[in-house]
Amino acid sequence: GESVGLHLPTLSVQEGDNSIINCAYSNSASDYFIWYKQESGKGPQFIIDIRSNMDKRQGQRVTVLLNKTVKHLSLQIAATQPGDSAVYFCAEKGSARQLTFGSGTQLTVLP
Amino acid sequence: EAGVAQSPRYKIIEKRQSVAFWCNPISGHATLYWYQQILGQGPKLLIQFQNNGVVDDSQLPKDRFSAERLKGVDSTLKIQPAKLEDSAVYLCATASTSGANVLTFGAGSRLTVL
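As a starting point, this report considers the structure included with it. Only a predicted model underlies this, so the values are computations on that prediction, with no experimental measurement involved. (Residues numbered from 1 in each chain as written. Chains lettered and ligands numbered in written order. Predicted model: local features only at pLDDT ≥ 70, side-chain atom pairs only at ≥ 80, totals over all residues. Heavy atoms only, no water.)

1. So, the nonpolar core
Thinking step 1. Phe21, Trp34, Leu77, Ile79, Tyr90 and Leu111 of chain B are the most contacted members of the largest nonpolar core, which has 21 residues in total.
Thinking step 2. Those elements that place two or more of their residues in this core are β3 (19–24), β4 (31–37), β5 (44–50), β8 (75–79), β9 (88–95) and β11 (109–113) of chain B.
Thinking step 3. Of all hydrophobic cores here, the second largest spans 20 residues; its members include Cys23, Phe33, Trp35 and Cys90 of chain A. (Core = buried A, V, L, I, M, F, W, Y, C linked by side-chain atoms within 4.5 Å. Buried < 20%, exposed > 50% of the residue type's maximum accessible area, 1.4 Å probe, protein only. Helix = DSSP H or I, 4+ residues; strand = E, 2+ residues; numbered from the N terminus.)

2. Side note on the sheet that holds β3 of chain B
Residues and elements named next belong to chain B.
Thinking step 1. Taking strand neighbours across the sheet as the criterion, the 4 strands line up as β1-β3-β8-β7 in an open arrangement whose pairing is antiparallel. Of all strands in the sheet, those with a lone pairing partner are β1 (5–7) and β7 (65–68), marking the two edges. Looking at each pair of strands side by side, their axes are set apart by 15° on average, direction ignored.
Thinking step 2. Strand direction decides the pairing type here: β3 and β8, joined by 5 bridges, are antiparallel. Residue pairing for β8: phenylalanine 21 is matched across the bridge by leucine 77. (Pairing = 2+ DSSP bridges. Axes fitted to C-alpha atoms, helices over the stretch in contact; angles between N-to-C directions.)

3. Description of the interface of chain A and chain B
Thinking step 1. Each partner contributes to the interface: chain A provides 18 residues, whereas chain B provides 20 residues.
Thinking step 2. Summed over both partners, the interface of chain A with chain B buries about 1,300 Å², with 47% contributed by carbon and sulfur atoms.
Thinking step 3. Among the residues chain A hides against chain B, the three largest losses belong to Pro44, Gln98 and Phe101 of chain A. Together they make up 34% of the total.
Thinking step 4. On inspection of chain A and its partner chain B, the count reaches 0 salt bridges.
Thinking step 5. Ranked by the residues each element gives to the side of chain A that touches chain B, the list is headed by strand β4 (residues 32–38) of chain A, at 4 residues.
Thinking step 6. Partitioned by chemical class, the residues of the side of chain A that touches chain B number 8 nonpolar, 6 polar and 4 charged. (Contact = heavy atoms within 4.5 Å. Buried area = accessible area lost by both parts, 1.4 Å probe. Salt bridge = Lys/Arg side-chain N within 4 Å of Asp/Glu carboxyl O. Nonpolar A, V, L, I, M, F, W, Y, C, P; charged D, E, K, R; others polar.)

4. Digging into the pattern of salt bridges
When the charged atoms of two side chains with opposite charge come close together, those side chains can pair.
All names here are of chain A.
Thinking step 1. Under the counting rule described, the total for this entry stands at 5 salt bridges over all chains.
Thinking step 2. Lysine 42 serves as the salt-bridge partner of glutamate 39, at 3.8 Å between the closest nitrogen and oxygen.
Thinking step 3. Residue glutamate 39 is classed as partly exposed on the basis of its relative accessible area, which comes to 25%.
Thinking step 4. Note that aspartate 84 is salt-bridged to arginine 61, the shortest N-O span being 2.9 Å. Here the residue aspartate 84 occupies a position in the loop between β8 (72–77) and β9 (86–93), and arginine 61 occupies one in the loop between β6 (56–58) and β7 (62–67), the gap between them amounting to 23 residues.
Thinking step 5. Taking the relative accessible area as the measure of exposure, aspartate 84 reaches 6% and is therefore buried.

5. Observations regarding the environment of glycine 41 of chain A
Thinking step 1. Within the secondary structure, glycine 41 of chain A sits in the loop between β4 and β5 (45–51).
Thinking step 2. Assessed through its relative accessible area of 39%, glycine 41 of chain A is described here as partly exposed.
Thinking step 3. Residues contacting glycine 41 of chain A, with those up to four places away along its chain left out, are Arg9 and Ala107 of chain B.

6. Description of the packing of aromatic side chains
Thinking step 1. Enumeration according to the criterion identifies 11 aromatic pairs over all chains in this entry.
Thinking step 2. When the ring of phenylalanine 101 of chain A is compared with that of tyrosine 35 of chain B, the centres are 5.7 Å apart and the planes differ by 85°; the resulting orientation is edge-to-face. Residue phenylalanine 101 of chain A is found in strand β10 (residues 99–101), and its partner tyrosine 35 of chain B is found in strand β4; the two belong to separate chains. As far as the burial class goes, phenylalanine 101 of chain A and tyrosine 35 of chain B line up, both buried.
Thinking step 3. With a centroid separation of 6.1 Å and 35° between ring planes, the pair formed by tyrosine 33 of chain B and tyrosine 35 of chain B is classed as tilted. Side by side, tyrosine 33 of chain B and tyrosine 35 of chain B carry an identical accessibility label, which is buried.
Thinking step 4. Members of the aromatic cluster, joined through ring pairs, are Tyr36, Phe46, Phe89 and Phe101 of chain A together with Tyr33, Tyr35 and Phe105 of chain B. (Phe/Tyr/Trp six-rings, centres within 6.5 Å; stacked < 30°, edge-to-face > 60°.)

7. Here we look at the state of the cysteines
Thinking step 1. On inspection of all chains with the given rule, the structure shows 2 disulfides over all chains.
Thinking step 2. What pairs with cysteine 23 of chain A in a disulfide is cysteine 90 of chain A, and their sulfur atoms sit 1.8 Å apart. Disulfide cysteine 23 of chain A-cysteine 90 of chain A: torsion about the S-S bond near 50°, hence right-handed. On the criterion of sequence distance, the pair formed by cysteine 23 of chain A in strand β3 (residues 19–25) and cysteine 90 of chain A in strand β9 is long-range, its members being 67 residues apart. Cysteine 90 of chain A shares its class with cysteine 23 of chain A; the two are buried.
Thinking step 3. The disulfide partner of cysteine 23 of chain B is cysteine 92 of chain B, and the gap between their sulfur atoms is 1.9 Å. Looking down the S-S bond of the cysteine 23 of chain B and cysteine 92 of chain B bridge, the torsion is -65°, so its handedness is left-handed. Here cysteine 23 of chain B is found in strand β3, whereas its partner cysteine 92 of chain B is found in strand β9, with 69 residues between them in sequence. (Disulfide = S-S within 2.5 Å.)

Structure, rendered in C-alpha cells:
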C-alpha cells in the first residue's frame, strides 16, 4: 500500500539558518506531492507542491526538491524565522487519488 | 474569502457517549473531506464527499462513525458510541473540485474520550 514517512521526527535550527526537512515515500506511482505546515491548535496550511515531472520548485523562502530515483522529497526553508516553528507534513497523491500524509516533523527555531 | 469553519473546537465525553462535529466549507467548494488526526500523527482520511454524494468512505469505521452532507454544503461527522481510541482532532478540509490537489483545512475539533 501507499505510505509516506519522514526521516526525523524533530528538527531544531538557529534563527536565520536554513532548514531542511526530509520525507521518503514508497509509492513510485505517486505523481503529486505537497507540503503542509501545522501550527499548534490550527489545521494544516498549504506551503508548496510539486508534480512528479519536476525535480525542483521554489516559493517564497521555500524550495521543494523531488528525487524520484530514491523516492525522496525535501523541503528547504531559507533564513528560518521563529514563525516557522511548526509541524511539517509531506503528503502524496497516488493511484487512489487521495492525499496520504506522513507523520510529520516538528521544527523548532531557536533564538 | 472565509475559511473552513468547524465546531465545536473542543469536546470531552465519556466512552460510549455520542458526539457530532460540524463543518461549513468555503463557499463554492464542492469537495469536502473529514480527516482524523491522532496526536503525533499525520491526518488520516475518513470520508470524501463530492457535493452531497460520498466519493470514498473506505476508511470510515462505519460501525460507529457516520457522516452526511445533505444539501451539498455543510457536513456533520458523528461518532456513536465513542471509544477511547477515538480521541483525536477531527479536521474538515475542502477543495473546489474533486480533482483539485490543494485542500484547505479548518482548525479542527479536538475530541477527548475519557
